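# A closer look at the structure
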Amino acid sequence: MKILVINCGSSSLKYQLFDMDNEEVMVKGLVERIGIEGSRLIQEKGDDEYIIKEAMKDHTEAVSYVFDALVDEENGVIKNLEEIDAVGHRFVHGGEKITKSSLITDEVKEAIEEYTKFAPLHNPANLMGLKACEKLLPNVPNVAVFDTAFHQTMPAKTYLYGIDYKYYEEDGIRKYGFHGTSHNFITNKTAELLGKEKEDLNIISAHLGNGSSITAVKNGKSFDTSMGLTPLEGLIMGTRSGDIDPAAITYLMENKNIGPKDMENILNKESGVLGVSGVSSDFRDLEAAAEKGNERAQYALDIFITRVKRYIAGYMAEIGSVDAIVFTGGIGENSIGMRADIMDGFQQFGIKIDQDKNNVRGGAHVISTDDSKVKIMVVATNEELMIARDTQALVELDK
Ligand code: ADP
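These remarks concern the structure in this document. This is a predicted model, so every value here is computed, not measured.

### Details of the sheet that holds strand β6 (residues 86–91)
Taken in spatial order, the eight strands make up an open sheet running β5-β4-β3-β2-β1-β6-β8-β7, and their pairing is mixed. Of all strands in the sheet, those bounded by a partner on one side alone are β5 (48–53) and β7 (102–103). When strand β4 (residues 40–45) meets β5, the two strands line up antiparallel, connected through six bridges. Within the sheet, the bridge partner assigned to Lys45 lies in β5 and is Asp48.

### Observations regarding the sheet that holds strand β12 (residues 324–328)
Read from one edge of the open sheet, six strands run β11-β10-β9-β12-β14-β13, paired in mixed fashion. Only two strands of the sheet have a single neighbouring strand rather than two, namely β11 (221–225) and β13 (364–366). This sheet shows a mean twist of 25° between the axes of neighbouring strands, independent of strand direction. Here five bridges tie strand β9 (residues 203–208) to β12, and the two strands are oriented parallel to one another. Following the sheet pairing, His207 is matched in β12 by Thr328. Contacts from helix α11 (residues 295–319) reach β9, β10 (212–218), β11 and β12, with the element oriented near 15° to β10. Together, β9, β12 and β14 (375–379) form the strand contacts of helix α13 (residues 336–343), whose direction differs from that of β12 by roughly 150°.

About the criteria used
Here the residue index of a chain counts from 1 through its sequence in written order. Per-residue local features are limited, in this predicted model, to residues with pLDDT of at least 70; the limit for side-chain atom pairs, both in listing and counting, is 80 or more; totals at the level of whole chains, interfaces and linings are taken over all residues. With hydrogens and water set aside, each side-chain value is computed from the structure's full complement of heavy atoms. One bridge is not enough; two strands pair if DSSP finds at least two bridges between them. In DSSP terms, a helix is any run of H or I states spanning at least four residues, a strand is any run of E spanning at least two, and both are numbered starting from the N terminus. With axes taken as lines fitted to C-alpha atoms, and helix axes fitted only over the stretch in contact, angles between N-to-C directions fall between 0 and 180 degrees. Any two residues whose heavy atoms approach within 4.5 Å at even a single point are treated as in contact.

Structure representation (structure tokens):
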């Protein structure tokens with residue numbers, strides 16, 4: 001079975017075509033600057049790059065170029081589009097209506113429309129990709145895989161905010177959580193690696209990348225997570241503030257005369273480690289700057305480390321017994337120094353990182369000492385594969 005996975009951003013589209021017989025990526029690509037001058041598609045097949053530079057005014061046009069690239073005689077990997085058995089789409093927000101990956105129905109589309117209020121940039125872009133596939137591949141089933149779905153198992157005590165309950169009832173203000181596809185993948189993979197049933201697995205899944213979130217997984221299900229109503233809550237991120245006293249926001253809005261849209265922009269795009277350091281949102285740049293003595297870059301790293309520790313420790317207490325603390329995402333998989341600094345301080349609870357074993361990037365490894373009370377692991381995430389697997393399962397079930 002061949003499955004195309006599509007992840008649409010507001011002006012971009014990433015895709016991967018999987019051969020599910022061996023779960024291999026046949027080809028992957030990226031379309032940039034959709035609707036903006038200079039649109040282009042870059043497709044990678046092994047070491048070869050195929051580039052199409054054409055005006056693409058919307059996602060429908062972008063998807064049609066993706067199809068052209070997939071069947072291109074010289075650079076493509078399939079002979080005709082009928083070889084695609086299904087398309088899996090990444091969706092950001094399914095709110096309370098969507099608890100698992102779903103074949104597209106009117107109900108699913110309604111939920112996507114409804115929760116656009118909390119994901120105004122992402123849900124409409126995701127939907128455009130879906131509509132383009134429905135139009136251009138009318139006989140191929142589409143599946144939606146949601147970032148929020150995995151977290152729908154959270155209990156009220158972790159998803160409710162400390163505000164008047166009417167705002168939850170009337171407006172849906174609560175924690176929804178994100179990165180669910182990654183946390184779900186990490187949960188499945190860790191269960192497999194530790195030889196445990198998913199239902200018996202308790203882990204702390206730390207997805208640390210440009211966007212970062214930590215999830216407490218209890219009995220294989222999301223129990224608590226650091227992102228909230230939107231992906232702005234929780235850890236300090238590349239350009240997002242993460243947790244902040246809400247009074248600081250209203251104070252700034254009032255005293256600096258900042259409107260709600262501008263404030264949202266500041267908190268999402270001009271804050272985080274970029275805002276604190278004034279250097280970069282990329283941790284490699286920050287580590288390099290801090291090493292050269294840049295004080296603000298060091299503050300940014302220290303805030304990040306402190307918050308990750310705070311969430312890990314808090315979540316461990318919430319779920320009681322923990323099999324593993326698992327690092328994933330660009331930083332979690334690659335930054336040996338960040339992992340060591342985050343775990344420093346846990347020795348007093350018998351949780352010890354092994355400095356030699358920690359000297360790894362990506363893959364799947366245990367990096368704690370043999371006598372550590374809780375395993376510390378590095379597991380590379382693969383959200384696209386998770387989407388392809390869910391898509392295959394749903395399509396096969398529907399046959
Ligand atoms: P996204 O959230 O966009 O998917 P990633 O998970 O790919 O992002 O993470 C990207 C981040 O990972 C980069 O911004 C960078 O800070 C960090 N990163 C990647 N490689 C390294 C490395 N070798 N050392 C430290 N940080 C790294």
